[in-house]
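Structural overview for review
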Amino acid sequence: MADGGNEGNRQHPHSLQGLLHMAIEAGTGSAAPDQMEQMSEERRRWLQEAMRSAFAGQVDEVQQIKECLQELNTDTSNENGDDRKERALQLLADLCENLDNASAPFSILTDFCKLGGMELLLNRYLSCPEAELRWRAADLVGICSQNVPFVQECALCLGAMSKLLQLLDLDSSEQVRIKSFFAISCLVREQEAGLAEFVKMDGFSVLMRAMQSDVEKLKIKSAFLLQNLLYSHPEHKGTLCSMGMIQQLVSLLRSEHSPFHEHVLSALCR
C-alpha cells in the first residue's frame, strides 16, 4: 500500500490500515480536551462502521477464495475451462498478495490453506500439462509462502520442496522454472525447516545447474540466493566445497561477462 500519510488513510477509511491509524491517533492524546470531548461520539460511530465494513470485506474475500477453488476443482479440460482456471489462479494471487490481508485478524493466507488451496496447487496444478497453469500455481505457492510461517509449514508438509525443485531443474517452460525458483526462495530464506528440506533434497546441486542454464534471469537469481544462503548459513560451506561447487563457480566466471558474475564472486567470497 502506498504511503499516503494521514491524507491517504482518510481516502481509504475502511481499510485495516486506516483503522490502525485512527486507533493510534485517538490514543495519542494530542488533541485538546474540548476537542476530544466533541469528537468522541463521532469517532465511536466511525470506528463501528469501519470495523463492520472491514470485516464484511474479509468475509467477501473468503467467499471469493472458495469460488476460485471450486472452479479449480472442476475437471473441465477444454480451452474455455483452462481460461477460467487461469483467471481463478490470477484472482487468488491478487487476493493473497493484498497487503491489507496480511494484517487481518484471520489471515486470508491461512484461510486459503485451511480450505485446501495449497494442497490443490501442489498435488494437481504443479503437474498439469498446461505450462500457463503450472507457472501460475508455482507463483501462487511463493506469494502465499512469503514470510508466513504457517503457510510455509503447510507447503513443506505437503511435499512442496521436492516438486518445486523438480520443476526448476527439469521443466521445459522457462516461466515455470523462474516461478518455481521464486517459490523455493520463499520457502528457504529465513525458514530453517525449508532450508533443511532443500539441503536434504540436494537443492544446492539444482541451484548450481540453474546458474549454468541459458536463462539469464534464472542465473542471476540463483547466484543471488546462493550468496544469501552462504551469508546467513555459513555452516553449509563445507558441504558445498565437498561437492566441488567452488570449481564450478570459478568456471562460470570464464563465461561472457554478465551481471550475474557479481553474485558469483560474492558467493565465492563467503
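As a reminder, the structure under discussion sits directly above these lines.
The structure displayed is predicted, hence computed values, not measured ones.

Rules behind the numbers
- Residues numbered from 1 in each chain as written.
- Predicted model: local features only at pLDDT ≥ 70, side-chain atom pairs only at ≥ 80, totals over all residues.
- Heavy atoms only, no water.
- Disulfide = S-S within 2.5 Å.
- Core = buried A, V, L, I, M, F, W, Y, C linked by side-chain atoms within 4.5 Å.
- Buried < 20%, exposed > 50% of the residue type's maximum accessible area, 1.4 Å probe, protein only.
- Helix = DSSP H or I, 4+ residues; strand = E, 2+ residues; numbered from the N terminus.
- Contact = heavy atoms within 4.5 Å.
- Salt bridge = Lys/Arg side-chain N within 4 Å of Asp/Glu carboxyl O.
- Arc of directions from axis to C-beta.
- Polar contact = N/O pair within 3.5 Å; in protein donor to acceptor, adjacent residues only side chain to side chain.

In a disulfide, the sulfur atoms of two cysteines are held together by a covalent bond. Using the criterion set out here, one finds zero disulfides in the structure. With no disulfide of its own, C154 has C113 as its nearest cysteine by sulfur position, at a separation of 4.0 Å.

On to the nonpolar core. Within the largest apolar cluster, 64 residues are counted, with the highest numbers of intra-cluster contacts made by F112, M118, L140, L164 and F198. With eight residues, the top contributor of residues to this core is helix α8 (residues 131-145). Apart from the residues within four sequence positions on either side, F112 is in contact with I65, L69, L92, C96, G117, M118, L121, L140 and C144.

Despite not being glycine, N147 shows a phi value in the positive range, around 60°. If you trace the backbone, N147 turns up in the loop between α8 and α9 (149-157). For E190, which is not glycine, the phi dihedral falls at a positive 60°. Tracing the sequence through the fold places E190 in the loop between α11 (174-188) and α12 (192-200).

In this section: the pattern of salt bridges. On inspection of all chains with the given rule, the structure shows nine salt bridges. The partner of D75 in a salt bridge is R124, and the shortest N-O contact between them spans 3.6 Å. Here D75, found in the loop between α3 (33-72) and α4 (79-97), pairs with R124, found in the loop between α7 (117-123) and α8; they are 49 residues apart in sequence, far enough to count as distant. Given a relative accessible area of 67%, D75 falls into the exposed group. Between E197 and K200 there is a salt bridge whose closest N-O contact spans 3.2 Å. With a gap of three residues between them, E197 and K200 both fall in helix α12, about one helical turn apart. K200 sits in the exposed class, given a relative accessible area of 62%.

Okay, α12 next. For α12, the set of buried residues is G194, L195 and F198. Take α12 and look down its axis: the buried residues cluster within an arc of 95°, on one side only. Away from the buried face of α12 by more than 90 degrees, exposed residues E192 and K200 are located. Its buried side turned inward, α12 meets α9, α10 (160-170), α11, α13 (203-211) and α14 (216-232). Its side-chain oxygen at 2.9 Å from the backbone nitrogen of A193, Q191 defines the N-terminal cap of α12. Downstream of α12 by a residue or two, D202 has a phi angle that is positive, lying close to 60°.

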